[in-house]
Amino acid sequence: AMAKEAVGEVDLDAIVCLDDMEHAAQRVMNRQDFDYFAGGAETESTLRANRAAFSRVTIWPRCMVDVSDVDTTTHIPALGLRNLAAPLLIAPVAMQRAAHPDGECAAARACAAHSIPYCASQQSTTAIEEIGRAGGDDAPRMFQLYVLSDREATTKLIRRAESAGATALCITVDAPVLGRRERDVRNRFELKAGLKLANVDAKKNQNQNQNQTGPDKSAVDAKRAQSAIARRIGGRDASLTWDHLAWLRSVTHLPLVLKGIVTHADAKRAAKLGIAGVWVSNHGGRQLDGSPATLDALPEVVAGVDGACVVIFDGGVRRGTDALKALALGADLVAVGRPVAWGLACGGERGVGKAVELLTEELRTAMTLAGCGNVRSTRNRELVQVVGERPPRSRL
């Protein structure tokens, strides 16, 4: 059976956890596509730190709690997200059709079927409108946006997201330029034939990185690869500041989430300005290498917003226990990105469904074993101990 494996045709019954899914995806994907999703910036130290941070947090379970009927459901009304099956979210992942021909539509359908919100990426290989139709009218969905220097083009994207049923806009604020993703440079990464960024006019943004030459052929090639990668994100406004939030608010009624916040100061400022949500993220370790693991940043951000807005968390989540740790440290929603690509590569819509089911089931088990009967009870700082702290002694 192993020899017959191909993209979308992995035996999903043999997949027991998300790490299994990644290994299977690596077997069936071509190298450049796998590396595109798996890789991080430069030395990938932040990418590794995101995962490693979970091992520094201990869960202290409470016993003799009625966990006969654990309820993982939740609502995030501030972002228009109601009746979620679990406090989980699919993070915006670019170019999902590089993982499977059905790409974003398959992922959106899987999320809708499991009542988990799907955040569509501006850099998707499927038009926002199609993703919206795939998920169906009632599916919880958000749209991730890069603010472009061309304000008219940005406004058009926002209108399209609104029409496609997005309940919130997630503005990425940690990527004024693209981090140096060396796997992509080495692989001379290019989108597969027939795929393109469906929501943005990449051609229009090409000119700024076009004319790069130099004496050394391999240096030129590497530089060309880097500039081809950079062209995909051409047109982003690197001058974006807090002052621009007033403009964003003037062009949309949707709640705004700032994605990429890791410091107490930025979190506090966002909350003070009345932002609906902050998303603790370092772009999956793909931007500034050496920036903090998001789990280390989470308590800082939670303290900064001080209950004034929704906190979304992502970065290295592969287990239900990882999600439980993030919830206990103050996250309202826990997002995963790469597992969507692995799910797509393994089995398209069914593969993404399997990834969501695994994570939800693991979270339910972890909550049950930790003595948490519902999502509200997971948000308890006494449930966890971070390295360097004393074990929690209840104030009961």
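Before any of the text, the structure's been laid out above.
Note that the coordinates shown come from a computational prediction; the quantities given were computed from them, not determined experimentally. (Residues numbered from 1 in each chain as written. Predicted model: local features only at pLDDT ≥ 70, side-chain atom pairs only at ≥ 80, totals over all residues. Heavy atoms only, no water.)

Colleague: Can you walk me through unusual backbone geometry in this structure?
Modeller: Excluding glycine, residues mostly carry a negative phi; peptide bonds, for their part, are mostly trans. Even without glycine at this site, Met64 takes up a positive phi of about 55 degrees. Taking relative accessible area as the criterion, Met64 reaches 86% and is therefore assigned exposed. At His283, a residue that is not glycine, the phi angle is positive and equals roughly 65 degrees. Mapped onto the secondary structure, His283 falls in the loop between strand 9 (277–280) and helix 11 (294–305). Taking the relative accessible area as the measure of exposure, His283 reaches 14% and is therefore buried. (Buried < 20%, exposed > 50% of the residue type's maximum accessible area, 1.4 Å probe, protein only. Helix = DSSP H or I, 4+ residues; strand = E, 2+ residues; numbered from the N terminus.)

Colleague: Would you take a moment to explain the packing of aromatic side chains for this structure?
Modeller: How two aromatic rings sit relative to each other is set out by the distance from centre to centre and by the angle between their planes. In this structure the tally under the stated criterion is five aromatic pairs. Seen from their ring centres, Phe54 and Phe313 are 6.3 Å apart, and the 85 degrees between their planes marks the pair as edge-to-face. Taken together, the positions of Phe54 in the loop between helix 3 (45–52) and strand 1 (57–59) and Phe313 in strand 10 (residues 310–314) put the pair 259 residues apart, joining distant regions of the chain. With relative accessibility at 3%, the residue Phe54 sits in the buried group. A residue is classified by how much of its surface remains accessible, and Phe313, at 0% relative accessible area, is buried. (Phe/Tyr/Trp six-rings, centres within 6.5 Å; stacked < 30°, edge-to-face > 60°.)

Colleague: Sorry, what's going on with the environment of Ser55 here?
Modeller: Structurally, Ser55 is set in the loop between helix 3 and strand 1. The exposed category is assigned to Ser55, whose relative accessible area is 63%. Ser55 sits 112 residues away from Thr167 along the chain, and the two C-alpha atoms are 34 Å apart. At 2.7 Å, the side chain of Ser55 forms a polar contact with the backbone oxygen of Ala52. (Polar contact = N/O pair within 3.5 Å; in protein donor to acceptor, adjacent residues only side chain to side chain.)

Colleague: Explanation requested: the packing of helix 4 (residues 103–113) against helix 5 (residues 128–135) in the structure shown.
Modeller: Helix-helix packing: each pair is described by the crossing angle between the helix axes and the interaxial distance. Their axes nearest at 8 Å, the elements helix 4 and helix 5 cross at an angle of 35 degrees. Where helix 4 crosses over helix 5, the two elements pack in a sense that is right-handed. Residues Glu104, Cys105, Ala108, Arg109 and Ala112 of helix 4 pack against Glu130, Ile131, Ala134 and Gly135 of helix 5. The residue makeup of the contact of helix 4 with helix 5, split by class, is five nonpolar, one polar and three charged. (Axes fitted to C-alpha atoms, helices over the stretch in contact; angles between N-to-C directions. Left-handed = near helix turned anticlockwise from the far one by under 90°. Contact = heavy atoms within 4.5 Å. Nonpolar A, V, L, I, M, F, W, Y, C, P; charged D, E, K, R; others polar.)

Colleague: So what exactly am I meant to see when it comes to helix 12 (residues 320–328) here?
Modeller: Quick reminder: α-helices carry 3.6 residues per turn. Residues three or four places apart thus point the same way. In terms of burial, helix 12 is largely enclosed, as eight of its nine residues are buried. Of all the residues in helix 12, the buried ones are Gly320, Asp322, Ala323, Leu324, Lys325, Ala326, Leu327 and Ala328. Within two residues after helix 12, Gly330 carries a phi angle of roughly 115 degrees, on the positive side.

Colleague: Explain the pairing of strand 6 (residues 141–145) to me, please; I cannot follow it from the model alone.
Modeller: Every other side chain in a regular strand lies on the same face of the sheet, so the side chains alternate between the two faces. Among the five residues that make up strand 6, five are buried, leaving the element largely enclosed by the rest of the structure. Here strand 6 shows two buried faces, one formed by Arg141, Phe143 and Leu145 and the other by Met142 and Gln144. Where strand 5 (residues 118–120) meets strand 6, three bridges bridge the pair, whose relative direction is parallel. Bridging from a neighbouring strand, Cys119 pairs with Met142 of strand 6. Note that the unit made of strand 5, helix 5 and strand 6 has a crossover that is right-handed. Between the parallel elements strand 6 and strand 7 (residues 169–172), the chain passes through helix 6 (residues 151–163) in a crossover that is right-handed. (Pairing = 2+ DSSP bridges. Right-handed = clockwise from strand over helix to strand, strands pointing away.)

Colleague: Sorry if this is basic, but what is going on with helix 13 (residues 338–370) here?
Modeller: The end-to-end C-alpha distance of helix 13 is 27 Å, clearly below the 48 Å that 33 residues give at a rise of 1.5 Å each. Taken as a whole, helix 13 carries its principal kink of about 135 degrees at Gly347. Extensive coverage of helix 13 is indicated by the burial of 25 of its 33 residues. Gly371, located one to two residues past helix 13, shows a positive phi value of around 85 degrees. (Expected span 1.5 Å × (residues − 1). Bend = angle between axes of the 7 residues up to and from the residue.)

Colleague: Help me out: how do you make sense of the pairing of strand 11 (residues 333–336) in this one?
Modeller: On strand 11, burial covers both faces: Leu333 and Ala335 on one face and Val334 and Val336 on the other are all buried. Bridge count for strand 4 (residues 88–90) against strand 11 is three bridges, and the pairing is parallel. Across the sheet, the residue bridging to Ile90 is Val336, located in strand 11. Handedness of the strand 10-helix 12-strand 11 crossover: right-handed.

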